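Topology and contacts: notes
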Amino acid sequence: TFTLLFFGTMFYGKGFDILVKATEYIDDSIELIVAGDPKTINYDYSLKKLLKNPKIHFFGKFINDGDVSKYFSASDLVVLPYRKIVEYGSSGVFLLSMLHRKPVLCPNITPFKEIINKYKVGSCFEVENAFSLAETATNMKMNYNNIIKSARFNDYKNSIPDWSEYSKLIIG
């Protein structure tokens with residue numbers, strides 16, 4: 001079984017509902033782990049569809065720091081089904097994916113598409129399109145070994161400035 005991971009908050013901008021819709025188009029050889037606190041849902045969304053879906057393993061709770069690696073280790077890739085409103089934003093889950101050497105499935109918005117293209121750490125789908133997300137997940141499953149071989153996780157990680165560089169910019 002090929003396993004996708006949705007990790008973290010379920011805010012509207014994170015596109016959690018888009019991902020659940022995408023599972024309707026994904027074949028049965030792909031499963032989804034959802035690890036996050038449903039109390040973070042900040043829009044009208046019912047978990048009934050999710051709870052009845054045999055492709056989804058739901059861990060509906062706050063994930064403490066000690067358990068984070070368990071979820072990343074159990075997955076093949078991490079899905080960030082973000083909406084367009086997240087464009088030009090950042091993602092802690094994206095960084096966690098890189099630290100755990102897990103490819104990401106992201107929308108084709110900035111900065112994610114540029115990072116994916118430069119460092120080959122995953123693939124992009126058409127933003128807010130559940131069918132495109134499902135299709136891209138299937139393609140990633142079929143090409144997984146090549147994605148892992150060409151991914152430059154360390155190069156991306158090394159490109160991130162550390163706090164000392166930021167403090168030099170602020171303090172002078």
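Okay, so let's go over this structure. (Residues numbered from 1 in each chain as written. Predicted model: local features only at pLDDT ≥ 70, side-chain atom pairs only at ≥ 80, totals over all residues. Heavy atoms only, no water.)

Attention shifts here to helix α4 (residues 92–99). For an α-helix, 3.6 residues make a turn, and residues three or four places apart therefore share a direction. Taken as a whole, α4 has its buried residues at Val-93, Phe-94, Ser-97 and Met-98. With its buried residues spanning 145 degrees around the axis, α4 presents them on a single face. At its buried positions, α4 is contacted by β1 (2–7), α3 (68–73), β4 (77–79), β5 (104–107), α5 (112–119) and α8 (153–159). One side-chain oxygen of the residue at the start of α4 lies 3.4 Å from the amide nitrogen of Val-93, identifying that residue as Ser-91. Arg-101 occupies a position one or two residues after α4 and carries a positive phi of about 55 degrees. (Buried < 20%, exposed > 50% of the residue type's maximum accessible area, 1.4 Å probe, protein only. Helix = DSSP H or I, 4+ residues; strand = E, 2+ residues; numbered from the N terminus. Arc of directions from axis to C-beta. Contact = heavy atoms within 4.5 Å. Polar contact = N/O pair within 3.5 Å; in protein donor to acceptor, adjacent residues only side chain to side chain.)

Between two aromatic rings, the relevant description is the distance of the centres plus the angle of the planes. Here the structure, examined in full by the defined rule, presents 13 aromatic pairs. Ring plane angle 80 degrees and centroid distance 5.3 Å describe the contact between Phe-2 and Tyr-144, whose orientation is recorded as edge-to-face. Of this pair, Phe-2 sits in strand β1 while Tyr-144 sits in helix α7 (residues 144–150); the two residues are 142 residues apart in sequence, bridging distant segments of the chain. Both residues of the pair, Phe-2 and Tyr-144, count as buried. Between Phe-16 and Tyr-45, the aromatic rings sit 5.7 Å apart at their centres with planes inclined by 80 degrees, giving edge-to-face as the arrangement. Of the two residues, Phe-16 is situated in helix α1 (residues 16–22) and Tyr-45 in the loop between β2 (30–35) and α2 (48–52); the sequence distance between them amounts to 29 residues. In this structure, Phe-16 and Tyr-45 share a single accessibility class: buried. (Phe/Tyr/Trp six-rings, centres within 6.5 Å; stacked < 30°, edge-to-face > 60°.)

Approximately 210 Å³ is the volume attributed to the largest pocket. The wall of the largest pocket is formed by 13 residues, among which Gly-89, Ser-90, Ser-91, Ile-115 and Tyr-156 lie closest to the centre. Only α4 and α5 provide two or more residues apiece to the lining of the largest pocket. Per-element tally for the lining of the largest pocket: the top contributor is α4, with 3 residues. A per-class count over the lining of the largest pocket returns 9 nonpolar, 4 polar and no charged. (1 Å grid on protein atoms, 1.4 Å probe; cavity = no way out; pocket = protein on both sides within 12 Å on 5 of 7 lines; lining within 4 Å. Points joined across faces, edges and corners; volume = space filled by probe spheres on them. Nonpolar A, V, L, I, M, F, W, Y, C, P; charged D, E, K, R; others polar.)

Moving on, we get to the sheet that holds β1. Pairing in this open sheet of 6 strands is parallel, and the strands run β3-β2-β1-β4-β5-β6 from one edge to the other. Bordering the open sheet on either side are β3 (56–59) and β6 (122–125), each of which pairs with just one other strand. The mean inter-strand angle of the sheet, taken between neighbouring strand axes irrespective of direction, is 25 degrees. Bridge count for β2 against β3 is 4 bridges, and the pairing is parallel. Within β3, the position partnered with Val-34 by the bridge is Phe-58. Set on the sheet, α4 makes contact with β1, β4 and β5; between it and β5 the angle comes to about 155 degrees. (Pairing = 2+ DSSP bridges. Axes fitted to C-alpha atoms, helices over the stretch in contact; angles between N-to-C directions.)

Turning next to empty space enclosed by the protein. Over the atoms, a rolled probe matching the size of one water molecule traces out where space is still vacant. Here the structure, examined in full by the defined rule, presents 1 cavity of 30 Å³ or more. Approximately 30 Å³ is the volume attributed to the largest cavity. Forming the walls of the largest cavity are Phe-6, Phe-7, Thr-9, Lys-14, Val-79, Leu-80, Tyr-82 and Val-93. Residues of the lining of the largest cavity, tallied by class, amount to 6 nonpolar, 1 polar and 1 charged.

Turning our attention to the pattern of salt bridges. Enumeration over the complete set of coordinates arrives at 6 salt bridges. Salt-bridge contacts for Asp-28 lead to Lys-55; the nearest nitrogen and oxygen are separated by 3.8 Å. With Asp-28 in the loop between α1 and β2 and Lys-55 in the loop between α2 and β3, this pair connects stretches of sequence that are 27 residues apart. Relative accessible area serves as the criterion here: at 15%, Lys-55 is assigned to the buried category. Lys-70 is paired through a salt bridge with Asp-67; the nearest N and O atoms lie 2.9 Å apart. (Salt bridge = Lys/Arg side-chain N within 4 Å of Asp/Glu carboxyl O.)

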